[in-house]
Amino acid sequence: MPPKMRLVYFNIRGRGELIRLALHVGSVDFQDERIEYADWPVHKANMIGKDDTEQINTDILLTQMNMIRDDWARYKMDPILRKDQRKYLEERMKRETLPQFLNKMEQGLAVSKTGYILGGDLTVADLALFDLVDAALLDTPSLLASFPKISDHRSKIRALPKLSPYLSSRPFTKR
């Protein structure tokens, strides 16, 4: 029997509510663990930045990367798109959207003293960039040829002692 699923979210409806509703409708046995705001500092990983500026910049980068992922998923999986529409969106992603974003990340890493995207400590934005690039490399293996700083960043993240064992043992998937 698989382990019981655990949903950890604030003691509000928020974004967690849709997940709760779907789990109930799907008859999935899960533990609904709710956290009060006052208790949140004990639970969070503190990877969003050390000050307000880094936290805002982390949020901006995560939003941009989520938008890219959504656009990417759309041309790959949206069933209402015609073949010509898929092709157009794929070409736009590969010629414009992704290169423009990666150019900005390359510039940011070029001035970083630590090798992390925001120039300070490791943040979730670094992990998101690693994940986005990792996925993009499946479609475009030569993607990083023009982005040496992003390539270095990828190596740095891959070598993290707490992440490296997982990355070397995770199953290969196409997405």
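For the structure, check the block above.
If you're wondering where the values come from, they're calculated on a predicted model, not measured in any experiment. (Residues numbered from 1 in each chain as written. Predicted model: local features only at pLDDT ≥ 70, side-chain atom pairs only at ≥ 80, totals over all residues. Heavy atoms only, no water.)

Colleague: For the overall build of the chain, give the residues involved together with the corresponding values.
Modeller: Secondary structure summary: the chain contains seven helices and two strands in total. Mapped in sequence order, the helices and strands of the chain form the string β-α-β-α-α-α-α-α-α. For the chain, the spread of C-alpha atoms along the principal axes amounts to about 45 × 45 × 30 Å. Here the chain holds 175 residues, and 28% of them are scored as buried. Expressed as a percentage of contacts within the chain between residues at least 6 apart in sequence, the contacts between residues at least 24 apart total 61%. (Helix = DSSP H or I, 4+ residues; strand = E, 2+ residues; numbered from the N terminus. Buried < 20%, exposed > 50% of the residue type's maximum accessible area, 1.4 Å probe, protein only. Contact = heavy atoms within 4.5 Å.)

Colleague: Talk me through the packing of helix α3 (residues 52–77) against helix α4 (residues 83–111); I want residue IDs and the actual numbers.
Modeller: With their axes 9 Å apart at the nearest point, α3 and α4 run at an angle of 160 degrees to one another. Classified by the angle between their axes, α3 and α4 sit roughly antiparallel to one another. In terms of crossing hand, the pair formed by α3 and α4 is left-handed. The residues of α4 that touch α3, namely those facing Leu 61, Gln 64, Met 65, Ile 68, Asp 71, Trp 72, Arg 74, Tyr 75, Lys 76 and Met 77, are Arg 86, Leu 89, Glu 90, Met 93, Lys 94, Thr 97, Leu 98, Phe 101 and Met 105. Tallied by class, residues from the contact of α3 with α4 come to eleven nonpolar, two polar and six charged. (Axes fitted to C-alpha atoms, helices over the stretch in contact; angles between N-to-C directions. Parallel < 35°, antiparallel > 145°, perpendicular 65-115°, else oblique. Left-handed = near helix turned anticlockwise from the far one by under 90°. Nonpolar A, V, L, I, M, F, W, Y, C, P; charged D, E, K, R; others polar.)

Colleague: A description of unusual backbone geometry should follow, citing residues and the corresponding values.
Modeller: At Ser 27, a position not held by glycine, the phi torsion is positive, near 55 degrees. For Ser 27, the location among the structural elements is in the loop between α1 (16–25) and β2 (30–35). On the accessibility criterion, Ser 27 (66% relative accessible area) is exposed.

Colleague: Break down α4 for me, with residues and values.
Modeller: In this model α4 runs 41 Å from its N-terminal to its C-terminal C-alpha over 29 residues, within 8% of the 42 Å that 1.5 Å per residue would give. Its axis deflected by about 45 degrees at Met 93, α4 carries its strongest bend there. Considered for burial, the residues of α4 that qualify are Leu 89, Met 93, Leu 98, Phe 101, Leu 102, Met 105, Glu 106 and Leu 109. Tucked into the core, α4 has its buried residues touching α3, α5 (124–139) and α6 (148–158). (Expected span 1.5 Å × (residues − 1). Bend = angle between axes of the 7 residues up to and from the residue.)

Colleague: Give me α6: which residues, what numbers.
Modeller: Ile 150, His 153 and Ile 157 are the residues of α6 that are buried. Down the axis, α6 shows its buried residues gathered within 55 degrees of arc, on one side only. Residues of α6 that are buried sit in contact with α4 and α5. (Arc of directions from axis to C-beta.)

Colleague: Residues and numbers for the pairing of strand β1 (residues 5–10), please.
Modeller: Here six bridges tie β1 to β2, and the two strands are oriented parallel to one another. Considered in β2, the bridge of Leu 7 is made with Asp 32. (Pairing = 2+ DSSP bridges.)

Colleague: Requested: an account of the side chain of Arg 20, with residues and values cited.
Modeller: Here Arg 20 lies in helix α1. Using a relative accessible area of 3% as the deciding quantity, one classes Arg 20 as buried. Polar side-chain contacts of Arg 20 include one of 3.1 Å to the backbone oxygen of Ile 12. A polar atom in the side chain of Arg 20 sits 3.0 Å from the side chain of Glu 17. Not counting residues within four places of it along the chain, the set of residues in contact with Arg 20 comprises Leu 7, Tyr 9, Phe 10, Ile 12, Arg 13, Phe 30, Asp 32 and Arg 34. (Polar contact = N/O pair within 3.5 Å; in protein donor to acceptor, adjacent residues only side chain to side chain.)

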